[in-house]
Amino acid sequence: MKKLALILCLIFPFWVQAHVGGHYSQGDLMKIWHLQNGQHIEGNFAYGNAESIHLEQLHGKILTIPIHSLQKADQKIARMKIAKYESLHEFNVPFQLPISSKPNIPWLPWISILFISILGLHSLVPKKHLTWSSPIFMTALFISLIWACKTETTISPSSPTSPIVPTKTSISFLDSAFNPYKKTISTNYDDTYYYVNSNGIPEHNMMVGITSWQQQVPIPQPYSGNNHWSIPLKPVYEATPLSTKTNFMKGAVALAVNGIPIFNALNNRGEDSFVIGELDQWGGHCGRADDYHYHAAPLHLVATSGLKPIAFALDGFAVYGSKEPDGSTMKALDAYHGHEGSNSVYHYHGTADYPYVVGSMRGKVSTDPATPAPENQILPQAFTNSVRPALSALKGATITNFETLSATSYLLTYTLSAKKYTVKYSWVNNTFTFLFTDGDGKQSTETYTRK
Ligand SMILES: [Zn+2]
Ligand SMILES: [Zn+2]
């Protein structure tokens with residue numbers, strides 16, 4: 001009986017830790033932290049450094065939050081707490097402080113438990129046993145106490161891919177997606193964005209198959225230098241994702257890995273561009289600036305990209321083709337046209353049906369305050385200007401051929417009322433010359449310079 005009591009005393013700390021499992025449990029007061037994306041996180045400051053704070057939540061769960069993702073007022077509180085923490089510890093906390101060496105262990109309750117246990121020993125163990133066993137038991141108890149505390153604090157932090165903690169998309173992952181197209185694009189990056197420079201002309205042919213044509217033709221675009229495409233490296237979930245049915249009618253929503261922007265599936269009149277014949281065989285056409293872009297998913301890129309992403313949405317999440325990244329059949333898509341992958345990171349899928357690429361922008365994006373919904377375009381993104389006045393729809397025209405004549409000239413052929421028309425055009429630097437030949441062979445020339 002006494003031996004049993006001794007064993008109970010010895011394992012007592014483990015029981016306690018098993019039930020407590022952290023410094024806080026239901027009913028304890030937790031600070032509420034406000035994130036810039038509108039989310040609220042409950043947890044008390046445990047430790048932190050210049051980049052992030054580590055919160056302890058209920059039952060010992062540790063959550064890491066980058067300071068920049070907090071709202072301004074909470075950033076201030078976080079910095080105050082870090083300053084206080086550092087002055088107490090007189091050292092700078094390394095960025096990835098091992099959780100097992102986490103400070104703020106509440107020694108007081110454990111010392112009380114140790115004290116009670118020792119008292120228990122003294123009352124239960126016969127004197128002769130105590131003479132040899134007492135130091136051993138006390139040491140064992142002390143070790144068990146240390147072990148219990150360490151166990152408690154090694155509870156793993158929330159998944160590194162948790163949406164609350166923006167994880168950085170690796171540059172090597174982005175490179176692997178864009179590298180196959182380096183003939184026509186170039187890339188670079190900083191801490192915030194992966195940048196893609198392109199002239200807006202894909203390697204594949206264009207324009208053939210369009211039956212609803214606005215008379216625009218593809219010309220090179222200035223998507224480089226400071227006017228590059230920007231893919232956020234740390235995508236963050238949007239609390240209320242904006243639907244592409246009622247948002248982003250202006251500008252791009254994604255960038256294909258060949259450097260061609262992907263616009264909303266709906267045109268600026270709210271019609272499905274693909275369904276009404278505005279798009280070519282590759283899912284693209286030209287805008288008012290003679291800028292080639294897709295409105296449908298460029299699934300043909302799978303031929304080059306394989307299982308790698310075929311695009312990245314401008315919120316930073318990847319867009320895959322019709323298979324999962326491991327080659328398995330595509331899993332069910334959510335209302336935003338994607339889902340979390342096996343790595344717990346969200347991705348979209350390109351499909352042959354509406355909404356083709358992005359149903360709602362799952363990640364947080366900034367929009368141009370000057371353009372309210374539905375024409376709220378995402379910022380930052382590359383821009384272009386028209387080189388010639390916008391043209392109107394040419395009813396009944398069908399583009400039948402598009403030929404590359406040289407590195408700086410194209411020949412577009414279309415039929416209208418059973419007659420063949422052509423637009424032959426070329427450029428030198430920023431000056432574009434168009435030669436129009438109508439169904440009766442009549443010719444006219446126009447020249448424009450991009451400002
Ligand atoms: Zn368009
Ligand atoms: Zn998937």
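Residues numbered from 1 in each chain as written. Chains lettered and ligands numbered in written order. Predicted model: local features only at pLDDT ≥ 70, side-chain atom pairs only at ≥ 80, totals over all residues. Heavy atoms only, no water.

> How do you make sense of the overall build of the protein when you look at a structure like this?
Secondary structure summary: the protein contains six helices and 25 strands in total. The buried share of the protein, taken over its 451 residues, is 48%. Long-range pairs, those at least 24 residues apart, make up 58% of the contacts in the protein between residues at least 6 apart in sequence. Summed over its atoms, the accessible surface of the protein is roughly 22,000 Å², and 59% of this surface lies on carbon and sulfur atoms. (Helix = DSSP H or I, 4+ residues; strand = E, 2+ residues; numbered from the N terminus. Buried < 20%, exposed > 50% of the residue type's maximum accessible area, 1.4 Å probe, protein only. Contact = heavy atoms within 4.5 Å. Areas by Shrake-Rupley, 256 points an atom, 1.4 Å probe, with all protein chains shown as cover.)

> Could you clarify how one ought to interpret the coordination of the zinc ion (ligand 1) in this entry?
Reference values for angles at a metal are 109.5 degrees in the four-donor tetrahedral case and 90 or 180 degrees in the six-donor octahedral case. Bound to the zinc ion (ligand 1) on the protein side are His285 (NE2), His293 (NE2) and His295 (NE2), at distances that span 2.0 Å. Summarised as a motif, the one-chain spacing of the donors to the zinc ion (ligand 1) is H-x7-H-x1-H. In this pair, His285 sits in strand E12 (residues 284–286) while His295 sits in the loop between strand E13 (292–294) and helix H6 (302–305), placing the two residues 10 residues apart along the sequence. What makes His285 buried here is its relative accessible area of 11%. By relative accessible area, which is 7% here, His295 ends up buried. (Donors = N, O, S within 2.8 Å, 3.2 Å for Na, K, Ca; no water.)

> Can you help me understand the side chain of Asn227 in this one?
You can see Asn227 is positioned in the loop between strand E7 (193–198) and strand E8 (229–232). Polar side-chain contacts of Asn227 include one of 2.6 Å to the backbone oxygen of Phe383. If near-sequence neighbours (up to four positions away) are discounted, Asn227 is found in contact with Pro222, Gln381, Ala382 and Phe383. (Polar contact = N/O pair within 3.5 Å; in protein donor to acceptor, adjacent residues only side chain to side chain.)

> Explanation requested: the coordination of the zinc ion (ligand 2) in the structure shown.
Binding of the zinc ion (ligand 2) to the protein goes through Glu324 (OE), Glu324 (OE), His339 (NE2), His347 (NE2) and His349 (NE2), at separations of 1.9 to 2.5 Å. Site description for the zinc ion (ligand 2): donor spacing in sequence, E-x14-H-x7-H-x1-H. Within this pair, whereas Glu324 is found in the loop between strand E15 (318–320) and strand E16 (338–340), its partner His347 is found in strand E17 (residues 346–349), the two being separated by 23 residues in sequence. Of the residues examined, Glu324 reaches a relative accessible area of 5% and is grouped as buried.

> Is there a simple way to think about the sheet that holds E7 in this case?
Where strands meet in a sheet, backbone hydrogen bonds hold them as pairs that are either parallel or antiparallel. Here we have three strands laid out as an open sheet, ordered E6-E7-E8, and antiparallel in their pairing. Two strands close off the open sheet at either side, each with one partner strand: strand E6 (185–189) and E8. With direction set aside, neighbouring strand axes in the sheet form an average angle of 25°. In the sheet, E6 pairs with E7 via five bridges, with the strands oriented antiparallel. Its bridge partner being in E7, Ser186 is matched across the sheet by Asn197. Contacts from helix H5 (residues 171–178) reach E6, E7 and E8 within the one sheet, and its direction differs from that of E7 by about 20°. (Pairing = 2+ DSSP bridges. Axes fitted to C-alpha atoms, helices over the stretch in contact; angles between N-to-C directions.)

> What should I look at first to understand the side chain of His293 in this one?
Structurally, His293 is set in strand E13. A distance of 3.0 Å separates the side chain of His293 from the side chain of His295, its partner in a polar contact. Every residue in contact with His293, bar those within four places of it in the chain, is listed here: Ile260, Pro261, Phe263, Gly283, Gly284, His285, Cys286 and Gly287.

> Would you take a moment to explain the sheet that holds strand E22 (residues 409–416) for this structure?
With respect to topology, five strands assemble into an open sheet ordered E21-E22-E23-E24-E25, the strand pairing being antiparallel. The open sheet has two edge strands with one neighbour each: strand E21 (398–406) and strand E25 (443–449). Between one strand and the next, the sheet's axes are offset by a mean angle of 15°, whatever the strand orientation. Two strands pair when backbone bridges link them, and E21 and E22 are joined in this way by seven bridges, in the antiparallel orientation.

> Would you explain the packing of aromatic side chains in this entry?
Aromatic rings in a pair are described by how distant their centres are and how their planes are angled relative to each other. Here the structure, examined in full by the defined rule, presents 22 aromatic pairs. Where Phe274 meets Tyr356, the ring centres are 5.8 Å apart and the plane angle is 65°; that geometry is what we call edge-to-face. Here the residue Phe274 occupies a position in the loop between strand E11 (261–263) and E12, and Tyr356 occupies one in the loop between E17 and strand E18 (360–363), the gap between them amounting to 82 residues. A relative accessible area of 43% means that Phe274 is categorised as partly exposed. The structure contains a cluster of three or more aromatic residues connected by ring pairs, namely Phe402, Tyr410, Tyr425, Trp427, Phe432, Phe434, Phe436 and Tyr448. Above the ring of Tyr237, the side-chain terminus of Arg362 is found at 3.8 Å from the ring centroid. The ring of Tyr346 has Arg362 sitting right over it, with the charged end atom 5.8 Å from the ring centre. (Phe/Tyr/Trp six-rings, centres within 6.5 Å; stacked < 30°, edge-to-face > 60°. Lys NZ or Arg CZ within 6 Å of the ring centre and 35° of its normal.)

> Would you explain H5 in this entry?
At 3.6 residues per turn, the α-helix brings residues three or four places apart onto the same side. Three or more residues of H5 are buried, namely Ile171, Leu174, Ala177 and Phe178. For H5, the angular spread of the buried residues around the axis is 125°, confining them to a single face. Buried residues belonging to H5 abut E6, E7, E8, strand E10 (252–256) and strand E14 (311–313). (Arc of directions from axis to C-beta.)

> What is the right way to read the environment of Tyr194 from this model?
Note that Tyr194 resides in strand E7. Taking C-alpha positions, Tyr194 is 8.1 Å from Trp229, a pair spaced 35 residues apart along the chain. Once residues lying within four places of it in the same chain are set aside, the contact partners of Tyr194 are Ile171, Leu174, Asp175, Phe178, Thr187, Asn188, Tyr189, Trp229, Ser230, Ile231 and Leu233. At 2.5 Å, the side chain of Tyr194 forms a polar contact with the side chain of Asp175.

> Explain the confidence of the model for the protein to me, please; I cannot follow it from the model alone.
Do not read the fine detail of predicted coordinates wherever pLDDT is low. Per-residue confidence for the protein gives a mean pLDDT of 81; residues scoring 70 or more make up 70%. Predicted confidence is poor over residues 89–106, with pLDDT under 50, and the contacts of this stretch with residues over four places away or in other chains come to 40 contacts. Counting interchain partners and residues more than four positions distant, the pLDDT-below-50 stretch residues 147–163 has 36 contacts. (pLDDT = per-residue confidence, 0-100.)

> What exactly am I supposed to notice about the nonpolar core here?
The tendency in soluble globular proteins is for nonpolar side chains to be buried as a group. By size, the foremost hydrophobic cluster in this structure holds 74 residues, and its most contacted members are Phe178, Met207, Trp213, Met361, Leu412, Tyr414 and Tyr425. Examining the composition of this core, we find that five residues originate from one element, E10, more than from any other. Not counting the four nearest positions on each side in its chain, Leu412 is found in contact with Met207, Trp213, Val217, Ile399, Asn401, Phe402, Tyr421, Thr422 and Val423. By size, the runner-up hydrophobic cluster in this structure holds six residues, among which are Trp33, Phe45, Ile53 and Ile67. (Core = buried A, V, L, I, M, F, W, Y, C linked by side-chain atoms within 4.5 Å.)

> Even after reading the chapter, I still don't get a nonpolar patch on the surface, so can you show me in this structure?
A grouping of Phe274, Val275 and Ile276 is seen on the molecular surface, where their side chains present a nonpolar patch of about 270 Å² in accessible area. By the secondary structure assignment, Ile276 is in the loop between E11 and E12. (Patch = residues over 30% accessible without salt bridge, like charges linked within 9 Å, V, L, I, M, F, W, Y side chains within 5 Å. Salt bridge = Lys/Arg side-chain N within 4 Å of Asp/Glu carboxyl O.)

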